[in-house]
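One-letter residues, chain by chain:
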Amino acid sequence: MRHFGHIAPAAKDGLFFQQPCEFDRDSPAPLLSAALGATLYSPATRPRLADDIVKLAGRGVVSMVLCLEDSIDDSEVAGAEENLVRQFADLDARATTLPLLFIRVREPAQITDLVGRLGPSVRLLSGFVLPKFTYERGLPFLDALTKAEASAGRRLFAMPVLESPELLHLETRTDTLRGIADLVTAHRDRVLALRLGVTDFCSAYGLRRSPDMTAYDVGIVAHVIADVVNVLGRADGTGFTVTGPVWEYFPRQERMFKPQLRSSPFQQNRAESLRTALIAHDLDGLLREIDLDRANGLLGKTCIHPSHVAPVHALSVVSHEEYSDARDILRPESDGGGVLRSAYTNKMNEVKPHRAWAERTLLRAEVFGVAREEIGFVDLLAACLAE
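Here is what the cut-offs are and how they apply
Residues numbered from 1 in each chain as written. Predicted model: local features only at pLDDT ≥ 70, side-chain atom pairs only at ≥ 80, totals over all residues. Heavy atoms only, no water. pLDDT = per-residue confidence, 0-100. Contact = heavy atoms within 4.5 Å. Helix = DSSP H or I, 4+ residues; strand = E, 2+ residues; numbered from the N terminus. Buried < 20%, exposed > 50% of the residue type's maximum accessible area, 1.4 Å probe, protein only. Pairing = 2+ DSSP bridges. Axes fitted to C-alpha atoms, helices over the stretch in contact; angles between N-to-C directions. 1 Å grid on protein atoms, 1.4 Å probe; cavity = no way out; pocket = protein on both sides within 12 Å on 5 of 7 lines; lining within 4 Å. Points joined across faces, edges and corners; volume = space filled by probe spheres on them. Nonpolar A, V, L, I, M, F, W, Y, C, P; charged D, E, K, R; others polar. Parallel < 35°, antiparallel > 145°, perpendicular 65-115°, else oblique. Left-handed = near helix turned anticlockwise from the far one by under 90°. Phe/Tyr/Trp six-rings, centres within 6.5 Å; stacked < 30°, edge-to-face > 60°. Lys NZ or Arg CZ within 6 Å of the ring centre and 35° of its normal. Arc of directions from axis to C-beta.

**Things to note about the confidence of the model for the protein chain**
Here the protein chain shows a mean pLDDT of 91. Residues at 70 or above account for 91%. Taken as a whole, residues 254-258 scores under 50 in pLDDT and shows seven contacts with residues more than four places along the chain or in a different chain.

As structure tokens, this is what we get:
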């Protein structure tokens, strides 16, 4: 699979200076963690789940979580497990490209049980999402995953969800973060990414942000995100990919504030109707939050609606300017440090401080591609939505 694989080749040639690379569930973990993109959640109870997955893959979805936890009622769990086994068998019989598939479980025992029940179709599974992850709760999950890997005879990743009250509450946050860091470091080869459960953070205080606000406008949430990245998202080789929080909205709500999308980029591209559609579906707030995710050290995003996928992916493409700066910073002749003037003559590139940014940017460029010099996110988003 590859990002933007659903766009016609001729259209892609006009958009990309460097095309996104191909990858699959057996690709190296660092590449896969960067390639997750918009990870779409779906309840495991859906009766036509296999058809849904195939259809969504054809629309650009490259990673999905099939949920046995919060998205379904407690009484539905047994039936949802049976449905997953049937749907995986259905998918296994089809010769088609599928997204990276993960199962969100409730209990550690579900991991080994499901791997056994999936049989040969376990080859389609990339791993498990582990809820309310702390050191104490996470250890049994990772032990179960180790046993499931041995049973399946293949690599299975963990994606812990950081959403527990102990992480949110100030008096326990430091110790909780330290415990999580110790545990995921001990299982580094198995942990693909860390996911943020911002809805649970808000729930602990009876909060819910409106579509006019991002997660970063909710002070208590913004502080937790900053602390998670501080401890678990470092660029010194000890950090992990931390993904952005879910955007909850897709229908139009009554607006309190002005739209957050400037009109000029859309006017320049003669795409005013696209801007109107994004605002109508409350996606201007999502675009703002994606931008803030990256500014705060997050990559990828949890999504609950297919309409959220294209904005996440369009804004993940590396601009030609970013790529040019990153390449200049990482040239062998720049190893000694110093300061370079950007080829775009609009900024300073300081080699040593900007090196980690440049390395991350080139990894993102590998999986999402590099836009042509004259191409912006409006062009990319319009191309995604046109398919």
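**Concerning the environment of G233**
The topology assignment puts G233 in the loop between α10 (219-232) and β8 (242-243). Its relative accessible area of 10% is what places G233 among the buried residues. Distance in space between the C-alpha atoms of G233 and N296 is 9.9 Å, their sequence separation being 63 residues.

**With respect to the sheet that holds strand β3 (residues 63-67)**
Reading across from one edge, β8-β7-β6-β5-β4-β3-β2-β9 is the order of the eight strands in this open sheet, with parallel pairing throughout. On the outer flanks of this sheet lie β8 and β9 (301-303), each paired with one strand and no other. For strand β2 (residues 38-43) and β3, the ladder comprises five bridges, and the chain directions are parallel. Note on β3: the bridge partner recorded for S42 is L66. Against the sheet, helix α4 (residues 77-92) touches β3, β4 (100-104) and β5 (125-130), its axis set at about 170 degrees to β4. Along the sheet face, α10 touches β6 (157-162), β7 (194-196) and β8 and points at about 170 degrees away from the line of β7.

**Points about empty space enclosed by the protein**
Considering all chains together, one arrives at two cavities of 30 Å³ or more under this definition. Every residue lining the largest cavity is listed: I290, D293, R294, L298, L299, G300, K301, V312 and S316. When residues of the lining of the largest cavity are assigned to their parent elements, the largest contribution, three residues, is made by helix α13 (residues 283-295). By residue class, the composition of the lining of the largest cavity is four nonpolar, two polar and three charged. Quantified by volume, the second largest cavity comes out at close to 40 Å³. Contributing to the lining of the second largest cavity are F4, H6, R59, G60, V309, A310, H313 and C384. With three residues, helix α14 (residues 309-314) is the largest single contributor of residues to the lining of the second largest cavity. When grouped by side-chain class, the residues that make up the lining of the second largest cavity number four nonpolar, three polar and one charged.

**Quick look at the layout of surface pockets**
The space that makes up the largest pocket amounts to roughly 900 Å³. Every element with two or more residues in the lining of the largest pocket is listed here: α2 (29-35), α13 and α16 (351-368). In terms of residue count, the dominant contributor to the lining of the largest pocket is α16 (seven residues).

**Here's the deal with the packing of helix α15 (residues 320-329) against α16**
Packing of α15 against α16 leaves a shortest axis separation of 8 Å and a crossing angle of 125 degrees. Taken together, the axis directions place α15 and α16 in an arrangement best described as oblique. The two elements α15 and α16 cross, and the hand of that crossing is left-handed. In this structure, α15 contributes E322, Y323, D325, A326, R327 and I329 to the contact, and α16 contributes V351, H354, R355, W357, A358, T361, L362, R364 and A365. Within the contact of α15 with α16, the residues separate by chemical class into eight nonpolar, two polar and five charged.

**What to know about the packing of aromatic side chains**
In the structure shown here, the tally under the stated rule is three aromatic pairs. Judged by centre distance (5.4 Å) and plane angle (50 degrees), the ring pair of F4 and F16 falls under tilted. In this pair, F4 is assigned in the segment before α1 (9-15) and F16 in strand β1 (residues 16-18), connecting sequence segments 12 residues apart. Its relative accessible area of 3% is what places F4 among the buried residues. The residue whose ring lies beneath R188 is F240, and the NZ or CZ to ring-centre distance is 4.3 Å.

**Regarding helix α3 (residues 49-57)**
The complete set of buried residues in α3 reads L49, A50, D52, I53 and L56. The arc enclosing the buried residues of α3, seen along the axis, measures out at 160 degrees, which places them on a common side. Here the buried face of α3 lies against β2, β3, α4 and β4.

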